[in-house]
Every structure is written in structure tokens, then in C-alpha cells.
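What follows is the residue order along each chain.
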Amino acid sequence: MRRAMRAPPLLLPLLPLLPRRPPLLPCLLPALLAAALVLAGCGASEKAKQLASVEQRLAADDVAGALIEARSALQSQGQSAPARLLLAKALLASGDIGGAEIEAERAAQLGMAAAPLAPLRARLLLARRKPAEVVQQFKSATFDDAKTMAELRVQLAQAHRELGDLDAAGAE
């Protein structure tokens, strides 16, 4: 049971004129709970937004912006294989082949599936002027994802072309 507050005797005549305030906690409790739920749910969607932003910047050839966004994503999600993969793609687009190889390897160590890594690894080998290794490693690779297979076939055609095998390049 709540105890009523007593007003000083001087204020007793003014008491009916003062507005009665409801207790603060019951009013704030629903708002606090809603804010906590929103903040708890924002973590996953915010991470997805960061990764989508990196992909959009890469698609728009905004390499500098993609690098900034990817590094920012890694600050909040250091153990994220997709974030490492996107950083590797941004580094390769910027010309940092060594950094891209390191990040691709870290993504693989963090459990990134082989399908998203295969086209990137093929591009890295081509950037290192190793087309024979691209053909050797990826000529018989098959993945369920059509986009991955298309990207890989482009890399294989490029490798065959660099090796001077134009018939095989055309077959890809």
C-alpha cells in the first residue's frame, strides 16, 4: 500500500490546484521495454545493412567507399566470414592482391563456403599471373549457384585466353 505524501501546511490551500502526476515507472516501463526490444533486434539487421552497403558500393565501382564500409563492418563483426569476403573483394578491386589473399584466407578459416570463395580465388590467381593454376584448380569445379558458376566460367575463359588456348576459352 502506498503512503500518501503530506504537503506542508502552507501549501494545503493550493493543493487542489496542483496537477496530480501519475507515477513515473508505470508510464515509462512500456517505452523502455519497446526500446530494449528494438535495440536487441537491430544488431542483426544493422550487420546485414553494413554488408549490403559494401556490396552496393562494389557494384557501383566505389572502391574507396567499399573499403571504408568493409573495414567498418569488420570493426563491429570481426569474426564474420561474409564481411572478410567482402573486404577481400574490395581489396582486390583496389589492387591490393596480397591483402585480398589474406582476407580470403581468413574468410575460409571462419567457415565461408567454397562457392563464394571460388571466383574470388580464381581472380586472385589471375591477378598473380597464374592462369595455369586457375585451370588446374577450377576446371572441374561445380557449384549449385548459377551466379557462382557463371563467374567461375568467366575466370576460366580468361585463364585459357592468357594461356593462348582460344578454343578452350571459347568453350567456356
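Scroll up to find the structure.
Presented here is an overview of the structure given in this document.

What counts, and at which threshold
- Residues numbered from 1 in each chain as written.
- Predicted model: local features only at pLDDT ≥ 70, side-chain atom pairs only at ≥ 80, totals over all residues.
- Heavy atoms only, no water.
- Helix = DSSP H or I, 4+ residues; strand = E, 2+ residues; numbered from the N terminus.
- Contact = heavy atoms within 4.5 Å.
- Areas by Shrake-Rupley, 256 points an atom, 1.4 Å probe, with all protein chains shown as cover.
- Axes fitted to C-alpha atoms, helices over the stretch in contact; angles between N-to-C directions.
- Parallel < 35°, antiparallel > 145°, perpendicular 65-115°, else oblique.
- Left-handed = near helix turned anticlockwise from the far one by under 90°.
- Nonpolar A, V, L, I, M, F, W, Y, C, P; charged D, E, K, R; others polar.
- Core = buried A, V, L, I, M, F, W, Y, C linked by side-chain atoms within 4.5 Å.
- Buried < 20%, exposed > 50% of the residue type's maximum accessible area, 1.4 Å probe, protein only.
- Expected span 1.5 Å × (residues − 1).
- Salt bridge = Lys/Arg side-chain N within 4 Å of Asp/Glu carboxyl O.
- Polar contact = N/O pair within 3.5 Å; in protein donor to acceptor, adjacent residues only side chain to side chain.

1. With respect to the overall build of the chain
Within the chain, the secondary structure is distributed over eight helices and zero strands. Helices and strands in the chain line up, N terminus first, as α-α-α-α-α-α-α-α. The contacts of the chain with a sequence gap of at least 6 include a subset with a gap of at least 24, amounting to 49%. If you sum the accessible surface of the chain, you get close to 11,700 Å²; carbon and sulfur atoms cover 59% of it.

2. Side note on the packing of helix 5 (residues 114-127) against helix 7 (residues 146-163)
Two numbers describe a pair of packed helices, the interaxial angle and the distance between the axes. Their axes nearest at 9 Å, the elements helix 5 and helix 7 cross at an angle of 20°. By the angle between their directions, the pair helix 5 and helix 7 is classed as roughly parallel. The two elements helix 5 and helix 7 cross, and the hand of that crossing is left-handed. Residue-level inspection shows Ala115, Ala118, Pro119, Ala122, Arg123 and Leu126 of helix 5 in contact with helix 7, the latter providing Thr148, Glu151, Leu152, Gln155, Gln158, Ala159 and Glu162. In terms of residue class, the contact of helix 5 with helix 7 is built from seven nonpolar, three polar and three charged.

3. Quick notes on the nonpolar core
Counting 25 residues, the largest nonpolar core has Leu120 and Leu124 as its most contacted members. Secondary structure elements with two or more residues in this core: helix 1 (24-59), helix 2 (63-76), helix 3 (81-94), helix 4 (97-109) and helix 5. Looking at this core element by element, the count peaks at nine residues for helix 3. Other than its neighbours up to four places away in sequence, Leu120 contacts Leu85, Ala88, Lys89, Leu92 and Ala104. Listed in part, the 11 residues of the second largest apolar core include Ala118, Ala122, Leu126 and Val135.

4. Re helix 2
Helix length check: helix 2, at 14 residues, gives a terminal C-alpha distance of 20 Å against a target of 20 Å (1.5 Å per residue), a fit within 8%. Among all positions of helix 2, only Gly65, Ala66, Leu67, Ala70, Ala73 and Leu74 are buried.

5. With respect to the pattern of salt bridges
Inspection of the entire model under this criterion finds six salt bridges. Between Arg57 and Glu69 there is a salt bridge, with its nearest N and O atoms 3.6 Å apart. Of this pair, Arg57 sits in helix 1 while Glu69 sits in helix 2, placing them 12 residues apart in sequence. The class of Glu69 is partly exposed, set by a relative accessible area of 22%.

6. Some thoughts on the side chain of Gln50
The topology assignment puts Gln50 in helix 1. Those residues in contact with Gln50 that sit more than four places away from it in its chain are Glu69, Ser72, Ala73, Ser76 and Gln77.

7. A look at helix 3
Between its first and last C-alpha, helix 3 extends 20 Å over 14 residues, near the 20 Å set by a 1.5 Å rise per residue. Where helix 3 is concerned, the buried positions are Ala81, Ala83, Arg84, Leu85, Leu86, Leu87, Ala88, Ala90, Leu91 and Leu92. The opening residue of helix 3 is Ser80, an N-cap whose side-chain oxygen sits 3.3 Å from the backbone nitrogen of Ala83. The positive-phi residue at the C-terminal boundary of helix 3 is Gly95, with phi of around 100°.

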